[in-house]
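Observations on the model geometry
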Amino acid sequence: MSFIRRTLTVGLSTVAMMGAMVSFGSTANAVTTACSTTPDGGSLCLRVASNGYDISYYKRSGAAAKYDFNLYCDNGRWFGDEGSFIAVAGQTKTYVFRVGSQGSCYGKLLNGTTGALIKTTPKISR
């Protein structure tokens, strides 16, 4: 009986430890970049940065245009960048929102002239 109890205890300990490792592994593999395709076939990406969230827009085609980045978070806070910018085809523009950890957030690419929404990124957490 003692041998069976000891074997069962060791087996349960091993299962608990494996469960903890799997939980840790899923945290270590958390999504740190989320991208979406823009209407011009370019890409809008949001990445975890050491001090906040890094958004980038790659303009694939079309005439030069004015754009603006914004960051919206599930905690109810939103952040603007330092104003609108001009992007031309083949160019990538980036901005780091130095806001620390705000939890789950997504980025917006806006028309810098009208303020109309062009595209959002999927959410990421920091």
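Residues numbered from 1 in each chain as written. Predicted model: local features only at pLDDT ≥ 70, side-chain atom pairs only at ≥ 80, totals over all residues. Heavy atoms only, no water.

Looking at the packing of aromatic side chains
Rules: In summary, the pairing rule links any two rings of Phe, Tyr or Trp, Trp by its six-membered ring, whose centres are within 6.5 Å, and it sorts them by plane angle into stacked for under 30 degrees, edge-to-face for over 60 and tilted for everything else. Each helix is a run of DSSP H or I of at least 4 residues and each strand a run of E of at least 2, with the numbering of both proceeding from the N terminus. Partly exposed describes any residue whose relative accessible area lies between the buried limit of under 20% and the exposed limit of over 50%, with all areas from a 1.4 Å probe on protein chains only and scaled to the type maximum. A ring has a charge above it when a Lys NZ or an Arg CZ is no more than 6 Å from the ring centre and no more than 35 degrees off the ring normal.
Applying the stated criterion to the full structure yields six aromatic pairs. Judged by centre distance (6.1 Å) and plane angle (40 degrees), the ring pair of Tyr67 and Phe85 falls under tilted. Of this pair, Tyr67 sits in strand S4 (residues 65-73) while Phe85 sits in strand S6 (residues 85-87), and the two are 18 residues apart along the sequence. Across this residue pair, the class does not change: Tyr67 and Phe85 are buried. When the centroid spacing of 4.7 Å and the interplanar angle of 40 degrees are considered together, the rings of Phe69 and Phe85 count as tilted. Linking Phe69 in strand S4 with Phe85 in strand S6, this pair joins segments that are 16 residues apart in sequence. A connected cluster of aromatic rings, assembled from ring pairs, spans Tyr57, Tyr67, Phe69 and Phe85. A cation over an aromatic ring shows up here: Lys108 above the ring of Tyr72, its NZ or CZ 4.0 Å from the ring centre.

Regarding the state of the cysteines
The cut-off we apply is this: Two cysteine sulfur atoms make up a disulfide if the distance between them is within 2.5 Å.
Evaluated as defined, the whole model comprises two disulfides. Here Cys35 engages in a disulfide with Cys45; their sulfurs sit 2.0 Å apart. Disulfide Cys35 to Cys45: torsion about the S-S bond roughly 110 degrees, handedness right-handed. Residue Cys35 is found in strand S1 (residues 33-37), and its partner Cys45 is found in strand S2 (residues 43-49); the two are separated by 10 residues along the sequence. Disulfide partner of Cys73: Cys105, at an S-S distance of 2.1 Å. Handedness of the Cys73-Cys105 disulfide follows from its S-S torsion of about 100 degrees: it is right-handed.

Observations regarding the sheet that holds strand S7 (residues 91-97)
This is how the line gets drawn: Two strands form a pair only when DSSP identifies at least two bridges running between them. Inter-axis angles, ranging from 0 to 180 degrees, are taken between N-to-C directions of lines fitted to C-alpha atoms, where helices are fitted over the stretch in contact.
A sheet is described by the order of its strands in space; here four strands give the open sequence S1-S2-S3-S7, paired in antiparallel fashion. Each edge of the sheet is formed by a strand with only one pairing partner; in this case those strands are S1 and S7. Here the average twist between neighbouring strands, direction ignored, is 15 degrees. Here S2 runs beside strand S3 (residues 52-59); their pairing, made up of seven bridges, is antiparallel. Looking at S3, one finds that Leu46 is bridged to Ile55.

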